Amino acid sequence: MVLKKKLIFFVIFAILICSFSYFYIEKTKPYKIVKVWGEKGVGDGQFRYIEDFAFDAKGNLLVTDALNSTVSVFSTDGVFITKFAGKGKGNKYMEKPEGIAVAKDGSIFVADYLSGYIKKFNANYQHVMTFSGFGQRPGETSESEFMDICSNGHLVIAEAGNHRVSIFDENGKFIHAFGEYGAEQGNFNRPEAAKCDSEDNIYVADLANHRIQVFSKDGAFIRSWGEEGIEPGQFRRPAGIAIDKNDNIYVSEISNNRIQKFDKFGTLKYSFGQEGSLPGEFGNIHGIIIDDADNLYVADTANNRIQKIKVK
């Protein structure tokens, strides 16, 4: 009888410890899943290859889908509103939209990976102009990826095909470019994203060099961090970059299927995520963006969905 009571005691104790551990871990996790939406398909609110995000002038979430050739518009709660671009002949259509950015006046810029064209739309999603084009010469682009508009109005575009970052003004005028193929500081190997902080410094996800590089608005190298690996602070094909209101840097990794948070100097704060299809797990993760309430929106590309995640 004594032995039975001891056994019951230890079972209850073990259950309490496990419960405490679970709630402690849940409470101290640096993130919380808020909303998950999307599925594979060609219909409204469905996806085939999510790439990157931007917020429009109304605060809606813009989503590029490379294989559906569309830009979808959602509320930040995941309610589908409309979509534009799509396949077709004419300036308003796209072949493979990937990078997207929104100017202060609400103008929307979308980079077409295959054609090299950058297409400008107004705040009502109507085509305004087309500039650039596929090539290697200054002002041309090749395999344009994720981009941003800095506070100075400069559109910065990561070009995977040309291993450089090109900069235009909001009227499509080419300003300058920096970078070339290589592994030295200031060189790139298929850069995937170029995003601006509050001081207009440009952070570049140097995908095939497995690192983040930071440049001034004029393209002068400032610093870099990262190397190939699976340990915290290392990268395997970093893709998306999001920068919050305090200039913390969030980086998504295609091959590690996780997100890491750093301060602007590259000091790691935390990481989370792994390969899978449950909430908080990712497949072929691509672009990310963060709002002022610290909600991170994640392109969970292989799972054909968007995850909205509250982060600390």
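Residues numbered from 1 in each chain as written. Predicted model: local features only at pLDDT ≥ 70, side-chain atom pairs only at ≥ 80, totals over all residues. Heavy atoms only, no water.

1. Focus: the environment of Lys269
- Considering the arrangement of structural elements, one finds Lys269 in strand S21 (residues 268–272).
- Put simply, Lys269 and Gly233 are 36 residues apart on the chain and 9.2 Å apart in space, counted from C-alpha to C-alpha.
- Ignoring anything within four residues of it in the chain, the contact list for Lys269 reads Asn248, Lys261, Phe262 and Asp263.
- Side chain to side chain, Lys269 and Asn248 meet in a polar contact 3.0 Å long. (Helix = DSSP H or I, 4+ residues; strand = E, 2+ residues; numbered from the N terminus. Contact = heavy atoms within 4.5 Å. Polar contact = N/O pair within 3.5 Å; in protein donor to acceptor, adjacent residues only side chain to side chain.)

2. Describing the state of the cysteines
- On inspection of all chains with the given rule, the structure shows one disulfide.
- Disulfide pairing is shown between Cys150 and Cys196; the S-S distance is 2.1 Å. Across the S-S bond linking Cys150 and Cys196, the dihedral sits near -60°, which makes this disulfide left-handed. Linking Cys150 in the loop between strand S10 (144–149) and strand S11 (155–159) with Cys196 in strand S14 (residues 191–196), this pair joins segments that are 46 residues apart in sequence. When sorted by exposure, Cys150 lands in the same class as Cys196, which is buried. (Disulfide = S-S within 2.5 Å. Buried < 20%, exposed > 50% of the residue type's maximum accessible area, 1.4 Å probe, protein only.)

3. Comments concerning unusual backbone geometry
- One non-glycine residue, Asp200, lies in positive phi territory at about 65°.
- Mapped onto the fold, Asp200 is located in the loop between S14 and strand S15 (202–206).
- Of note in the backbone geometry, Asn257 takes a positive phi value of approximately 50° without being a glycine.
- Position of Asn257 relative to the elements: it lies in the loop between strand S19 (249–253) and strand S20 (258–262).
- Residue class for Asn257 comes out buried when judged on its relative accessible area of 5%.

4. With respect to the side chain of Glu98
- For Glu98, the position within the fold is in strand S6 (residues 97–102).
- Every residue in contact with Glu98, bar those within four places of it in the chain, is listed here: Glu51, Asp52, Thr64, Ala66, Ala111, Tyr113, Ser144, Glu145 and Phe146.

5. As for the packing of aromatic side chains
- What the rule picks out here adds up to 18 aromatic pairs.
- Residues Phe178 and Phe188 carry aromatic rings whose centres are separated by 6.3 Å and whose planes lie at 50° to one another, so their mutual orientation is tilted. Of the two residues, Phe178 is situated in strand S13 (residues 174–178) and Phe188 in the loop between S13 and S14; the sequence distance between them amounts to 10 residues. Neither Phe178 nor Phe188 differs from the other in exposure class; each is buried.
- When the ring of Phe178 is compared with that of Phe215, the centres are 4.8 Å apart and the planes differ by 45°; the resulting orientation is tilted. (Phe/Tyr/Trp six-rings, centres within 6.5 Å; stacked < 30°, edge-to-face > 60°.)

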